[in-house]
Amino acid sequence: MKDKMSEILNSIPKMEENLKAIRDVLLTNLVMLGEIPSPTFHEQPRMNFLVNRFNQYNLINCSTDEIGNGLGILPGKTGEKNILLVAHMDSEYAEKTDHTISIQPNSVTGPGVADNALGLAVIASLPYILEKLGIELNSNLVLMGSARSLGAGNLEGIRFFLDNTDINISTGLSVEGVRLGRLSNSAVGMARCEVHYWVPEGYDWTQFGAVSSIVTVNEFINRILEIPTPNRPSTNIVFSSISSGRGFSKVSTEAELKFEIQSESEEMVEQLLQQINNIAIEIASKTASRVVVKELSRRKPGGIDFSHPLVTNARRIMEVMDIKPRITPSMSELSAFIDAGIPALTIGISSFETIEKSAESVKIDPMYKGIAQLISLLIAIDKGYCDEY
Amino acid sequence: MNIDNWIRENTFHHSAFEDLGKLVEEKEKQNLKISLCIPTLNEEKTIGKEIVLFNSELMTRFPLLDEIAVIDSGSKDKTLEVAGSFGADTYLASDILPHLDNKKGKGENLWKAIYQLDGDIIVYIDADIKNIHPRFVYGLLAPLIYNKKTKYVKAFYDRPLAFSEGIRPSGGGRVTEILIRPLFSLFFPELSAIIQPLSGEYAAKREVLEKLSFPIGYGVETAHLLDIYREYGMEAFAQTDLDQRVHRNQETISLGKMAFGILQTFLHRMKSYGMMTDIPELSTILRQFQAHDDVFESIEQEIIEEERPPMITVPEYLKKRGNK
C-alpha cells in the first residue's frame, strides 16, 4: 500500500534548502516584533505590528478582539477546514527592559527572542513563506497572536477566541520559538498560586514560630516539602519565585511565594491545593501573621493520544529531518485547545544557546528545519492525513 | 526666511512616510536610483541587524533601495565579514580610488561612497544604532523624493523612553548645544533651525554631494550644512524626526576632540567665505588634562581636519560617470 505521507516526506530536504531565501524576512519580523515590549496585559503595540503585517500580506479578516488578540486569515482554495496557528504575543520582560536585539551570522540575541518572539515571527512570516514556496493549501489558515497567555494572563486570549469564534477550528498548532524537537500532545493539570504572608508590625519577636516573614515563609516551604507526591499519577510542586525584605537592618514583615502544582491527575491537583491551603493557615495562626493564598490559574490535564495521526505524522516528519522529538507535556496554548476538544500540538522552531536574564539567544540555522517541519505538518493536516478515523 | 515658518514646512515625522508602497511608486515614476551607505569601523555587533532589516524591508519587500554598501575604514573585528554574510556590498575605503593617499575617517568613507555607489540619492546611516529600524532610511528619503526642491535631509531624534546607564539620546547632544548652535546663532542664524546638525544620518542628492568638499573627520556634517546653505539657502534642507536613536555614550574627553575638529572646520569655512579675514594659522594640537592623585598631566593630541575636494573635480569620477 502506498504511503500517503511519502510525497510530503520526500519534499522536505528541498523545502529546507529553499527556506534559506526567506531568512531576512523572518529575522526582520523577529527583530521588529521582539523589540516591541509586550508584557502580559500590554501586548497591544506588538499586536498592532502583527495585524499590520497580516494586512500587508493581504490576509482577510485582519482584526483584533476585546482581549487584544491579533488575527488574520489566509484563505485556502476550498476553505473546507480551518487550521489555527497560534503564538503567544506576551513576554516575561517588563516594558522598561532594553529590548534591543542583535543579529550575528549564526544567532539572534535579546530579551524574549526565544519565548516567544520567534514563534510569533514565524506566524507573521508564514503568508510570505508559503507564497515564496508556491504552497497553496485547501484549508483556511487562521493566524493568531494570542494575548494574555503567560502567568496571570492564564491563556485568556486563546480561550476567549476559542469560546467565542464562529470559525470551526479543525486542528490547532501552537508555535513556540524553542526548542526544535519539542512535541507536546498533552497538557498536565496545573494550579498556579501565590502566597502572601504579613507579619504584624510590633510583633513580639521572642514568640515561638517566627522572627520575620522570611522565616514564616521558610517554614511554609518546609511543610510543603514534607508532602509526599506520587510518581503515578506523575505529580510535582514547583517553587517559582520568592520575595521578601528591604535591606540589612530591617526585619522583613512581608513575604511572597509563587508556586505551581503540576499533576497528570486533576484530583491530585485539587487535593494538594487543599493541603497547602491548610498548611498556610496553620502557620499563619501559629505565628500570628496574616496569610492570603491566591490561585492565579488552573489548567486541566488532557490531550490527544500518542498514537493520534497528528502525533505520529509529526514524529515521522521529525524523524526524516533527523530531529530528535522531545515529548513533553505543555502548559501553553495547547491546554486551551484541549479544553475545547480540538486536536492540537505544540512544536518548537529553533535551538537556543543560552537563556539567562535578558539574554535569550536563538540559532539561525535550525530555524529552516523548524519551519520546514511546521509547513510539512500543515500540508499533512491539510490533506487530511492527520485526521483520526 | 522666518525660522519658525521653515521649521513648520520642512520638519517631518517619519510616520508621515510609512506608506512605503506609495514612496516606491513615486521613486519609480521619477526613475530614481537610491544607494545606502553605511560607514563602519569595528561594528560587528550591530551591522548584521542593520543589513538584515534594510535588505528585507527596503529591498525585498519594498524596492526603495537599489544597493546597500558598507564602506569600512579598516576594522579589526569581523564587520565586513558579518555585513557580507547578510548580503551587503562590502568595500574597504582604501580600495576605492586606491591611487589617492590613504586617509582614515568617517568623512573619507562618505566621500568615497559618491564615487563607488550609483544612486541619484545617497542615504548615509551610521552602523552603531542599536534600535535600527527601516524608518531611519525611508524617513530621510521621503522628503527628497516627494519634494524636488529638497536636496539634503537631516535626521533628528526624540529622547529615548528608558534605557540603561551609559546610553543617552543624541538629540540635542552636548556638542550641538554648547558649540554648534551658539556658533550658528552668531553667524548663520537660519541654520540654527536644524535641530540636530551633527546627526550622522542624512540623505542627499548626488548633484549636491558631488560638489561638496568633505572633511574626513569630525567636521564633515558641519561643513555640509554650511556649504549647502551658502549655495542653495534653507530651501535645500529638510529634517525628519526619527523618534529614538540608541547608541553608546561618549565620554566628555572624546566630545572635546570632536568639538576641536568641528571648530577647525568652522573657522576654515569662515575664512574661505571671507567672513573672518584675520584668523591666524590654527594649531592642530588639542591639549587635555588628566590627574594622577595630585599631579596633573597634559595629554596632547594632533587632530587635523583634512578635506577631500569635491568629487566632481576628481578625473576618475568624471570618467566613471561619463562626464554626466
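Residues numbered from 1 in each chain as written. Chains lettered and ligands numbered in written order. Predicted model: local features only at pLDDT ≥ 70, side-chain atom pairs only at ≥ 80, totals over all residues.

### Points about the overall build of chain B
Each helix and strand counted, chain B has 11 helices and 14 strands in total. The C-alpha extent of chain B, read off along each of the three principal axes, is 65 × 45 × 45 Å. Here chain B holds 324 residues, and 44% of them are scored as buried. Considering only intrachain contacts with a sequence separation of at least 6, the fraction spanning at least 24 residues in chain B is 75%. (Helix = DSSP H or I, 4+ residues; strand = E, 2+ residues; numbered from the N terminus. Buried ≥ 20, exposed ≤ 12 C-beta atoms within 10 Å, placed from the backbone. Contact = placed C-beta atoms within 7 Å.)

### Thoughts on the overall build of chain A
Looking only at helices and strands, chain A has 10 helices and 18 strands in total. Relative to the globule expectation of 21 Å for 389 residues, the C-alpha radius of gyration of chain A, 23 Å, shows essentially globular dimensions. The dimensions of chain A, computed from C-alpha atoms along their principal axes, are 75 × 45 × 40 Å. When burial is assessed residue by residue, chain A has 50% of its 389 residues classed as buried. The contacts of chain A with a sequence gap of at least 6 include a subset with a gap of at least 24, amounting to 80%. (Rg over C-alpha atoms; globule rule 2.2 N^0.38 Å.)

### Let's talk about the nonpolar core
One finds L85(A), I122(B), V123(B) and L141(B) to be the most contacted residues of the largest nonpolar core, which totals 189 residues. Viewed by domain, this core spans two of them, domain 1 (6-187 + 301-382) and domain 2 (189-299) of chain A, each represented by three or more residues. Those residues in contact with L85(A), other than ones at most four positions away along the chain, are I123(A), L126(A), L141(A), L143(A), M144(A), L173(A) and V175(A). (Core = buried A, V, L, I, M, F, W, Y, C linked by C-beta atoms within 7 Å. Domains from an automatic or database assignment.)

### Comments concerning the environment of I227(A)
Residues and elements named next belong to chain A. Among the structural elements, I227 can be located in the loop between α6 (213-225) and β11 (235-244). In sequence terms I227 and L272 are 45 residues apart; their C-alpha atoms lie 8.5 Å from each other. Among residues more than four places away in sequence, those in contact with I227 are L272 and Q275.

### Side note on the packing of α6(A) against helix α7 (residues 266-286) of chain A
Helix-helix packing is described using two parameters, namely the angle between the two axes and the distance between the axes. All names here are of chain A. Across the interface, α6 lies against α7 with an axial gap of 10 Å and an inter-helix angle of 145°. In this structure, α6 crosses over α7, and the sense of that crossing is right-handed. Residues T216, E219, F220, R223 and I224 of α6 pack against I276, I279, A280 and I283 of α7. Across the contact of α6 with α7, the residue classes break down as 6 nonpolar, 1 polar and 2 charged. (Axes fitted to C-alpha atoms, helices over the stretch in contact; angles between N-to-C directions. Left-handed = near helix turned anticlockwise from the far one by under 90°. Nonpolar A, V, L, I, M, F, W, Y, C, P; charged D, E, K, R; others polar.)

### Focus: the sheet that holds strand β7 (residues 169-178) of chain A
All names here are of chain A. An order of β1-β2-β6-β3-β7-β16-β8-β15 is seen for the 8 strands of this open sheet, with the pairing classed as mixed. With partners counted over all chains shown, the strands left at the sheet margins are β1 (60-64) and β15 (326-327), one partner each. Pairing geometry for strand β8 (residues 182-184) and β15, over 2 bridges, is parallel. In the strand pairing of β15, R182 is matched with R326. (Pairing = 2+ DSSP bridges.)

### Some words on the sheet that holds strand β3 (residues 67-72) of chain B
All names here are of chain B. Taken in spatial order, the 8 strands line up as β1-β10-β6-β8-β5-β2-β3-β4 in an open sheet, and their pairing is mixed. Edge positions in the open sheet fall to β1 (11-13) and β4 (89-92), since each of these has one partner strand only. Averaged over all neighbouring strand pairs, the angle between strand axes comes to 20°, with direction disregarded. The pairing of strand β6 (residues 152-156) with strand β10 (residues 237-241) spans 5 bridges and is classified as parallel. Its bridge partner lying in β10, V153 is registered against A238.

### What to know about the pairing of β3(B)
Looking along a regular strand, one sees side chains alternate from face to face of the sheet. Residue and element names in this part refer to chain B. Burial within β3 is extensive, with 5 of its 6 residues counted as buried. Across 6 bridges, the pairing between strand β2 (residues 34-40) and β3 is parallel. Paired with I38 across the strands is V70, a residue of β3. Two strands pair when backbone bridges link them, and β3 and β4 are joined in this way by 4 bridges, in the parallel orientation. Residue A69 lies in a different strand from β4, and its bridge partner there is D89.

### Focus: the domain arrangement of chain A
All names here are of chain A. By the assigned domains, chain A splits into domain 1 (6-187 + 301-382) and domain 2 (189-299). Spacing between the C-alpha centres of domain 1 and domain 2 amounts to 35 Å. Domain 1 puts 6 residues into the contact, and the matching count from domain 2 is 8 residues. In terms of residue class, the side of domain 1 that touches domain 2 is made up of 4 nonpolar, 2 polar and no charged.

### Some remarks on the interface of chain B and chain A
Contact with chain B, which involves 18 residues of that partner, is made by 14 residues of chain A. Residue assignment for the side of chain B that touches chain A shows that the elements contributing at least two residues are α3 (44-61) and α4 (79-85) of chain B. Broken down by element, the residue count for the side of chain B that touches chain A peaks at 10 residues, all from α3(B).

### What to know about the packing of helix α9 (residues 220-232) of chain B against helix α10 (residues 252-272) of chain B
Residues and elements named next belong to chain B. Their axes nearest at 8 Å, the elements α9 and α10 cross at an angle of 25°. The orientation of α9 with respect to α10, classified from their angle, is roughly parallel. Every pair of crossing elements has a handedness; the one defined by α9 and α10 is right-handed. Here T222, A223 and L226 of α9 come into contact with α10, specifically with I262, T265, F266 and R269. (Parallel < 35°, antiparallel > 145°, perpendicular 65-115°, else oblique.)

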